[in-house]
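# Coordinate analysis (summary)
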Amino acid sequence: QVQLVESGGGLVQPGGSLRLSCAASGTIFSISVMAWYRQAPGKERERVAMIISGSTTNYAASVQGRFTISRDNAKNTVYLQMNSLKPEDTAVYYCNALINQRFGAPPNNYWGQGTQVTVSS
């Protein structure tokens, strides 16, 4: 079994910063992709950023230049540094990972429980 546990959400003023963390634990052979998604009230879940194996990253246009995704492979942890936050960044942020639990097995898709980020004055 695999668990993704997020932390770091909270309330911040516009222009402020937050850093989200997501640690994967359990039976893990390898993690190919780690990503952050978000879902605002009344809206569909959208991918914010992703990082593939090493350091290849991809960002949504709405966060490009403000958010940075990184990972620590030794700790099976992914981070999302969020700067210059805007009220429209308010959402529940979810961690996502494609994880191989053993050599040769197809990857499974896992989600964290979500962490609330609120940007408001």
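See the structure shown above.
Residues numbered from 1 in each chain as written. Predicted model: local features only at pLDDT ≥ 70, side-chain atom pairs only at ≥ 80, totals over all residues. Heavy atoms only, no water.

Another point: the overall build of the chain. When helices and strands are counted, the chain shows zero helices and 11 strands. A compact globule built from 121 residues would reach a C-alpha radius of gyration of about 14 Å, and the chain, at 14 Å, matches this within 12%. Along the first, second and third principal axes, the C-alpha atoms of the chain reach 50 × 25 × 25 Å. Long-range pairs, those at least 24 residues apart, make up 55% of the contacts in the chain with a sequence separation of at least 6. Side chains of the chain carry 10 positive and 6 negative charges; the gap between the two charge centres is 5 Å. (Helix = DSSP H or I, 4+ residues; strand = E, 2+ residues; numbered from the N terminus. Rg over C-alpha atoms; globule rule 2.2 N^0.38 Å. Contact = heavy atoms within 4.5 Å. Lys, Arg positive; Asp, Glu negative; His and termini not counted. Charge placed at Lys NZ, Arg CZ, Asp CG, Glu CD.)

A few words now on the side chain of arginine 38. Looking at the element boundaries, arginine 38 is found in strand β4 (residues 30-39). Taking relative accessible area as the criterion, arginine 38 reaches 6% and is therefore assigned buried. In this structure the side chain of arginine 38 is engaged in a polar contact, spanning 2.7 Å, whose partner is the side chain of glutamate 46. Within the local environment of arginine 38, its side chain forms a polar contact with the side chain of serine 62, the two groups lying 3.4 Å apart. Here arginine 38 is in contact with Glu44, Arg45, Glu46, Val48, Ser62, Val63, Phe67, Glu88, Asp89, Ala91, Val92 and Tyr93, once residues within four sequence places are set aside. (Buried < 20%, exposed > 50% of the residue type's maximum accessible area, 1.4 Å probe, protein only. Polar contact = N/O pair within 3.5 Å; in protein donor to acceptor, adjacent residues only side chain to side chain.)

Moving on, we get to the environment of asparagine 96. Following the sequence through the fold, asparagine 96 ends up in strand β9 (residues 91-100). The class of asparagine 96 is buried, set by a relative accessible area of 6%. As for asparagine 96 and leucine 20, which are separated by 76 residues in sequence, their C-alpha atoms are 13 Å apart. The residues touching asparagine 96, leaving out its near neighbours within four places in the chain, are Leu4, Val33, Met34, Ala35, Tyr37, Asn109, Tyr110 and Trp111. There is a polar contact of 2.8 Å between the side chain of asparagine 96 and the side chain of asparagine 109.

We now examine the pattern of salt bridges. What the rule picks out here adds up to three salt bridges. With a closest N to O distance of 2.7 Å, glutamate 46 and arginine 38 form a salt bridge. Accessibility expressed as a relative area gives 34% for glutamate 46, which makes it partly exposed. In this structure, the salt-bridge partner of aspartate 89 is arginine 66, at a minimum N-O distance of 2.8 Å. Here the residue aspartate 89 occupies a position in the loop between β8 (77-82) and β9, and arginine 66 occupies one in the loop between β6 (56-59) and β7 (67-72), the gap between them amounting to 23 residues. Grouping residues by exposure puts aspartate 89 and arginine 66 together as buried. Counted as one network, the salt bridges with shared partners bring together Arg38, Glu46, Arg66 and Asp89. (Salt bridge = Lys/Arg side-chain N within 4 Å of Asp/Glu carboxyl O.)

Moving on, we get to the packing of aromatic side chains. Counted according to the given criterion, the structure contains two aromatic pairs. Look at phenylalanine 29 and phenylalanine 103: their rings are 5.8 Å apart centre to centre, the planes differ by 75°, and that puts the pair in the edge-to-face class. Of this pair, phenylalanine 29 sits in the loop between β3 (18-26) and β4 while phenylalanine 103 sits in the loop between β9 and β10 (108-111), placing them 74 residues apart in sequence. When its relative accessible area of 71% is taken as the criterion, phenylalanine 103 is described as exposed. Consider the rings of tyrosine 37 and tryptophan 111, whose centres lie 4.9 Å apart with planes at 65°: the pair is edge-to-face. Taken together, the residues tyrosine 37 in strand β4 and tryptophan 111 in strand β10 connect sequence positions 74 residues apart. The class of tryptophan 111 is partly exposed, set by a relative accessible area of 35%. If you follow arginine 45 out to its NZ or CZ, it ends over the ring of tyrosine 94, 3.8 Å from the centre. It is arginine 45 that lies over the ring of tryptophan 111; its NZ or CZ is 4.7 Å from the centre. (Phe/Tyr/Trp six-rings, centres within 6.5 Å; stacked < 30°, edge-to-face > 60°. Lys NZ or Arg CZ within 6 Å of the ring centre and 35° of its normal.)

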